Amino acid sequence: MSNQLINTPIGWLNVVASVNAITAIEFDADPDLQQQPSETTEQCCLQLAEYFNGQREKFDVELDMAGTAFQQTVWQALNGIGYGDTCSYGDIANDIGNPKAVRAVGAANGKNPVPIIVPCHRVIGSSGKLTGYAGGLDIKVWLLEHEKLHFVK
């Protein structure tokens, strides 16, 4: 396992990787955390820096996300939400062919181990209200506003 810290406008993030793939991005990382960078974490940190500078809309790092089959399905659906767009938990439930699974989609969304790259911040309540976010609602707001500011149609 390797890890690398990156200082971003939303605070320190810890990027964690297996040999060839990113396994987690952790919010509110301790800047004094021992680091063991690798080519994989360096590539991810570079892409995150580009995202935060408004120069990247999509990520192309390999991911290795541990989760149930249902969680994997939800996380895959999250990747279909375009940069600068939002959708509801109900939209994701419909997209995966399970319209009654709105709460389960919310739970899977909250367990996403690779936030930002897998854009769980783009999922909002059906009323348009912002709902919970693992990094905190203030970070969710920041990410959504950042994407709207840099979004080019």
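Everything quoted here is computed from the prediction, not taken from an experiment. Within every chain, residues take consecutive numbers counted from 1 along the sequence as written. Per-residue local features are limited, in this predicted model, to residues with pLDDT of at least 70; the limit for side-chain atom pairs, both in listing and counting, is 80 or more; totals at the level of whole chains, interfaces and linings are taken over all residues. Just so you know, side-chain values use all the structure's heavy atoms and leave hydrogens and water out.

Would you take a moment to explain the UniProt feature "active site" (unreviewed entry) in the chain for this structure?
Within this structure's numbering, the places UniProt gives as "active site" (unreviewed entry) are Cys120. The way it works is that DSSP assigns letters per residue, a run of H or I at least four long becomes a helix, a run of E at least two long becomes a strand, and they are numbered from the N terminus. For Cys120, the position within the fold is in the loop between α4 (102–110) and β5 (123–124). When a residue's accessible area, from a 1.4 Å probe over protein chains only, is under 20% of the maximum for its type it is buried; when over 50% it is exposed; and in between it is partly exposed. A relative accessible area of 5% means that Cys120 is categorised as buried. Sequence-distant contacts of Cys120, defined by excluding residues within four places in its chain, comprise Leu78, Asn109, Asn112, Pro115 and Tyr133. UniProt positions are given in the numbering used here, feature names are shortened, and annotations may be inferred rather than shown by experiment. What makes two residues a contact is simply this: any of their non-hydrogen atoms within 4.5 Å.

What is the right way to look at the layout of surface pockets in this model?
Empty space left among the atoms is revealed by rolling a probe the size of a water molecule over them. Here the largest pocket defines a volume of roughly 230 Å³. Around the largest pocket, the lining residues are Glu57, Lys58, Phe59, Leu63, Asn79, Ile81, Gly82, Tyr83, Ile116, Ile117, Pro119 and Arg122. Ten residue types, Ala, Val, Leu, Ile, Met, Phe, Trp, Tyr, Cys and Pro, are classed as nonpolar, four, Asp, Glu, Lys and Arg, as charged, and the remainder, Gly among them, as polar. Grouping the amino acids of the lining of the largest pocket by side-chain chemistry returns 7 nonpolar, 2 polar and 3 charged. A 1.4 Å probe that fits into a set of points on a 1 Å grid over the protein atoms alone but cannot get out defines a cavity; an open set with protein on both sides within 12 Å along at least five of seven lines defines a pocket, and lining residues are those with an atom within 4 Å of a point. Grid points are joined across faces, edges and corners, and a volume is the space filled by probe spheres set on the points.

Which parts of the structure should I look at to understand the pattern of salt bridges?
Two side chains that carry opposite charge are able to pair once their charged atoms sit near each other. By definition, a salt bridge exists where a carboxyl oxygen of Asp or Glu is found within 4 Å of a side-chain nitrogen of Lys or Arg. Under the criterion given, the structure shown has 2 salt bridges. One salt bridge in this structure joins Glu50 and Arg56, with 2.7 Å as the shortest N-O distance. Residue Glu50 is classed as partly exposed on the basis of its relative accessible area, which comes to 22%. Here Arg122 and Glu147 are joined by a salt bridge, their closest N and O atoms 2.8 Å apart. Of the two residues, Arg122 sits in the loop between α4 and β5 while Glu147 sits in helix α5 (residues 137–150), which places them 25 residues apart along the sequence. A single burial state applies to Arg122 and to Glu147, both of which are buried.

I'm lost on the pairing of strand β3 (residues 22–26) in this one. Help?
Moving residue by residue along a regular strand, the side chains alternate between the two faces of the sheet. Counting buried positions along β3 gives 4 out of 5 residues, so the element sits mostly inside the fold. The turn linking strand β2 (residues 11–17) back onto β3 is made up of 4 residues. When DSSP finds two or more bridges between two strands, those strands count as paired.

Is there a simple way to think about the packing of aromatic side chains in this case?
When we look at a pair of aromatic rings, we describe it by the centre distance and by the angle of the planes. Centres within 6.5 Å make a pair out of two Phe, Tyr or Trp rings, where for Trp the six-membered ring is used; the pair is then stacked when the planes are under 30 degrees apart, edge-to-face when over 60, and tilted otherwise. Under the criterion given, the structure shown has 5 aromatic pairs. When the centroid spacing of 6.2 Å and the interplanar angle of 85° are considered together, the rings of Tyr51 and Tyr83 count as edge-to-face. With a gap of 32 residues between them, Tyr51 in helix α1 (residues 39–52) and Tyr83 in the loop between α2 (69–78) and β4 (87–88) connect regions that are remote in the sequence. As far as the burial class goes, Tyr51 and Tyr83 line up, both buried.

In this structure, what is going on with the environment of Asn53? I would like to understand it.
You can see Asn53 is positioned in the loop between α1 and α2. Residues Asn53 and Ser38, spaced 15 residues apart in sequence, show a C-alpha to C-alpha distance of 22 Å.

Looking at this model, I keep getting lost on the nonpolar core. Mind explaining?
What tends to happen in soluble globular proteins is that the nonpolar side chains get buried as a cluster. Put simply, a nonpolar core is a bunch of buried Ala, Val, Leu, Ile, Met, Phe, Trp, Tyr and Cys residues held in one set by side-chain atoms that sit within 4.5 Å of each other. Core analysis: the largest hydrophobic core is formed by 37 residues, its most contacted members being Ile25, Leu48, Leu78, Ile92 and Ile116. Elements with a minimum of two residues in this core: β2, β3, α1, α2, α3 (89–95), α4 and α5. For this core, the element with the most residues is α1, which contributes 5 residues.

Is there a simple way to explain α4 in this structure?
Counting along an α-helix, one turn takes 3.6 residues, and residues three or four places apart therefore face a common direction. Listed in full, the buried residues belonging to α4 are Val105, Ala108 and Asn109. Down the axis of α4, the buried set is contained in an arc of 100°. They therefore lie on one face. Of the exposed residues in α4, those oriented more than 90 degrees away from the buried face are Arg103 and Gly110. As for α4, its buried residues are in contact with α2, α3 and β5. This arc is taken over the directions from the axis of the helix to the C-beta atoms.

For this particular structure, what's the right way to read the sheet that holds β3?
Each strand in a sheet pairs with another by means of backbone hydrogen bonds, the pair being arranged parallel or else antiparallel. Strands sit in the order β1-β2-β3 across an open sheet of 3 strands; the sheet is antiparallel. Whereas interior strands pair on both sides, the edge strands pair on one side only; in this sheet they are β1 (2–8) and β3. Going from strand to strand, the sheet's axes swing by 20° on average, the running direction of each strand aside. Bridge count for β2 against β3 is 4 bridges, and the pairing is antiparallel. If you follow Val16 over to β3, its bridge partner there is Ala24. In this analysis an axis means a line fitted to C-alpha atoms, helices contributing only their contacting stretch, and an angle means the value between N-to-C directions, from 0 to 180 degrees. Against the sheet, α1 makes contact with β1, β2 and β3, and its axis sits at roughly 15° relative to β1, the strand it touches most.

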